[in-house]
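Working through the structure, step by step
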Amino acid sequence: MAVRVVTDSGSDIPEDLVQELGITVVPLTVSFGSTSYRDGVDISGDEFYTRLTQEETMPTTSQPSVGSFVEVYQPIKEIGDEILSIHVSSKLSGTLNSATQAAAQEELGPLIELVDSSQASMGVGFSVIAAATAAKNGASLSEARAIAESVLSRTRVLILFETLKYLEKGGRIGKASALLGGILQLKPILTLDDGEIATKSKIRTFKKGIASLLELTKEYGNLQEAAVLYTTDSSDAEALGHQIGSQLPDASQLKVLRISPAVGTHGGPGLVGIICVLAE
């Protein structure tokens, strides 16, 4: 009996790792007006961000349907494998709810463990990668879950926003709502607190925000792994990546990634962020 790891496209895991580790990714839906696309399937990052910056219509997202998860869980159930299903924070998306309903519908019982990551993007992704690696090496369901939860407990998120209007429009601004209507040029660094968006720091300019991202990351000390994320411009992310590499056991493992459409819908253009896992 093997362990299969399932996640959603809000985890932003690079496709090469998805294939290498046999991870199943259930896509969220991204919509421009009445036209909908499966994240990472029907719309590419290039197309999405071009439309995001050029069209007046702001995109929206929706969680995968219960049926989408049933289609994933059912064949795994039929061959008798176990499932570890790790998903984006339930306070940011209804994805975990859909997965929970599908698991109940399929009466998976002891065959499945569902995990609310309380994270987003590679904050979910690092735990999924760790669990899938363990599963590939023969870990049991409980062992793979424990590894994922260990990574999640050490995960830290720092995101510098060019604008908060996309986060506000999508209803994801959470504890950072006090920033709305404030100083027009404010460039906040936000984090995740118990699965909800919260304010980490308030910066007056984007340039100072980039410097602050680096300083805040240095304060964490030694890191196990890290990813620098961006939406529309990779230059600041790549520069940050070069500087953060010294905090990692192997600088070549640092990831510089473009955020997926499902997550980028709420981040908006110009976003730069760092997601890292503290060393044990």
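Below or above, wherever it landed, is the structure these notes cover. (Residues numbered from 1 in each chain as written. Predicted model: local features only at pLDDT ≥ 70, side-chain atom pairs only at ≥ 80, totals over all residues. Heavy atoms only, no water.)

1. Brief notes about unusual backbone geometry
Although it is not a glycine, Ser121 adopts a positive phi angle of roughly 55°. Looking at the secondary structure, you find Ser121 in the loop between strand S7 (112-116) and helix H5 (122-136). A positive phi is found at Asp194, a non-glycine position, where the angle reads about 55°. Mapped onto the secondary structure, Asp194 falls in the loop between strand S9 (187-193) and strand S10 (196-203). On the basis of relative accessibility, which here comes to 52%, the residue Asp194 falls in the exposed class. (Helix = DSSP H or I, 4+ residues; strand = E, 2+ residues; numbered from the N terminus. Buried < 20%, exposed > 50% of the residue type's maximum accessible area, 1.4 Å probe, protein only.)

2. Concerning helix H9 (residues 235-244)
Buried within H9 we find Ala237, Leu240, Gly241 and Ile244. Burial along H9 is one-sided: seen end-on, the buried residues are contained in an arc of 105°. (Arc of directions from axis to C-beta.)

3. So, the side chain of Asp8
If you trace the backbone, Asp8 turns up in strand S1 (residues 3-8). Looking at Asp8, its side chain comes within polar contact range of the main-chain nitrogen of Val88, at 3.1 Å. The residues contacting Asp8, other than those within four sequence positions of it, are Val25, Val26, Leu28, Ile86, His87, Val88 and Thr95. (Polar contact = N/O pair within 3.5 Å; in protein donor to acceptor, adjacent residues only side chain to side chain. Contact = heavy atoms within 4.5 Å.)

4. Some thoughts on the pattern of salt bridges
Throughout the structure, instances matching the rule amount to nine salt bridges. For Glu280, the salt bridge is made with Arg154, and the minimal N-O distance between the two is 3.9 Å. One end of the pair, Glu280, is in the segment after strand S13 (272-278); the other, Arg154, is in the loop between helix H6 (141-153) and strand S8 (155-160), with 126 residues separating them in the sequence. The closest approach of N and O atoms between Glu215 and Lys218, which form a salt bridge, is 4.0 Å. With a gap of three residues between them, Glu215 and Lys218 both fall in helix H8 (residues 206-219), about one helical turn apart. We classify Glu215 as partly exposed; its relative accessible area is 43%. Among the residues examined, Lys218 registers a relative accessible area of 45% and is labelled partly exposed. Connected through salt bridges with shared partners, the residues Glu113, Arg145 and Glu149 form a single ionic network. (Salt bridge = Lys/Arg side-chain N within 4 Å of Asp/Glu carboxyl O.)

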